[in-house]
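Per-entry structural report
These are the residues of each chain, in order.
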Amino acid sequence: MANSELDILAIAAHRDDVEQTCGGTLLKMAEQGKRTGILDLTRGEMGTRGSAEDRAAEAAAAAKILQVSWREALDIPDGRVENTWANRLKVARVIRQTRPRVVILPYWKGRHPDHYTASKLGYEACFLAGLAKLNVEAALSHQPSAFSQVASAVASVVAGEDQTSTSAAKAGRRKHGVGTTGVPALSLSKGALRGITPGESSEGAGEKLAPHRPFKIIYATLYYDIRPTFVVDITDQFEARFESLMAYKTQFSDQEAGKDIFPARDEIRARVESMARFYGMMAGVTYGEPFLQKEVGLVEDVTAIPVKSI
Ligand SMILES: [Zn+2]
């Protein structure tokens, strides 16, 4: 993979969340020539079935099915996703590295604390990533000099200064590719997932990624019962998305029975299909994935608005 820059980055708490909530959309975008990526905040070490290593291999297999260009997992503890300064910095570093135009986050309410915390953590990391004076690498390496820069950036925010530097971001696009960022990108062809840990950079805190703020943040709402603001038609991607979920064999196969995986598979398929049909029906298509955006929609031509009223 020549570079790690993406059009769309989906951020989620656990490996297999993206496959369940917005995998069809990622595949659809990839089929349209967009570069997509997935950032899993945790590595799944708390799962009752399978090790973190098993889940890494499964995540790589799922990513391949969804045709994503980039996938990594952070080292945030599974079951303990917290919206801390350090975690925001880790996610902000990935946003600067991958420079997505669109970020997909989980919806901000839910049953699992990791899910709704990931939403707020992701949003605040997107904000931080755009702060021109924030040196994320230095802050993560806990060097004393980092604190003055962070304090300076925060002080600027309080003062209401515009922190996003478009020219700096463009310069960063040209300058920073894999190998210069200090953050190793996943090479799916090698089948290995690498996490990002503070201080892992071989180039140290001196290497500074240019600020970047995503243009758009949308929220995948499938885990929560709320009316979406729009639905992506995944009719043509549904089967592949289901296969990407089935790639998590340690999670979804009926191991205890020791027979075949079909009972579990059939049950999961019924659930996944009914949800996709439900949201598809809302939009007049067969299968859909639901999203919410905080902003209003903007229309140029009212005769071209999709989804029939009557
Ligand atoms: Zn999850």
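Right, let's walk through the structure included here. Note that this is a predicted model, so its numbers are computed, not measured. (Residues numbered from 1 in each chain as written. Predicted model: local features only at pLDDT ≥ 70, side-chain atom pairs only at ≥ 80, totals over all residues.)

The element strand β8 (residues 288–292) is largely enclosed, with a buried count of four among its five residues. Pairing of strand β6 (residues 216–220) with β8 involves two bridges; the strand directions are antiparallel. Note on β8: the bridge partner recorded for Ala220 is Phe291. (Buried ≥ 20, exposed ≤ 12 C-beta atoms within 10 Å, placed from the backbone. Helix = DSSP H or I, 4+ residues; strand = E, 2+ residues; numbered from the N terminus. Pairing = 2+ DSSP bridges.)

Turning to its location among the elements, Tyr107 is positioned in the loop between β4 (102–106) and α5 (113–129). With 114 residues separating them in the primary sequence, Tyr107 and Thr221 have C-alpha atoms 5.1 Å apart. The residues touching Tyr107, leaving out its near neighbours within four places in the chain, are Ser119, Tyr219, Ala220, Thr221, Tyr223, Tyr224, Ile226 and Leu292. (Contact = placed C-beta atoms within 7 Å.)

Counted at 1.5 Å a residue, the expected span for helix α4 (residues 85–98) with its 14 residues is 20 Å, and the 20 Å between its end C-alpha atoms agrees. Of all 14 residues in α4, 12 are buried, a share of seventy percent or more. Within α4, burial applies to Asn87, Arg88, Leu89, Lys90, Val91, Ala92, Arg93, Val94, Ile95, Arg96, Gln97 and Thr98. After α4 finishes, the residue Arg99 shows a positive phi value of roughly 50°. (Expected span 1.5 Å × (residues − 1).)

We now examine the packing of helix α2 (residues 23–31) against helix α9 (residues 238–246). Closest axis-to-axis distance for the α2/α9 pair is 9 Å, and the angle between their directions is 120°. As far as their axial angle goes, α9 and α2 are oblique. When you trace α2 past α9, the crossing you get is right-handed. Two secondary-structure elements touch here, α2 through Gly23, Gly24 and Leu27 and α9 through Phe238, Ala240, Arg241 and Ser244. (Axes fitted to C-alpha atoms, helices over the stretch in contact; angles between N-to-C directions. Parallel < 35°, antiparallel > 145°, perpendicular 65-115°, else oblique. Left-handed = near helix turned anticlockwise from the far one by under 90°.)

One finds Ala10, Ile11, Leu26, Ala92, Ile104 and Ala125 to be the most contacted residues of the largest nonpolar core, which totals 69 residues. With seven residues, the single largest contributor to this core is α5. Ignoring sequence-local partners within four residues, the contact set of Ile104 consists of Ile8, Ala10, Ile11, Cys22, Ile218 and Ala220. (Core = buried A, V, L, I, M, F, W, Y, C linked by C-beta atoms within 7 Å.)

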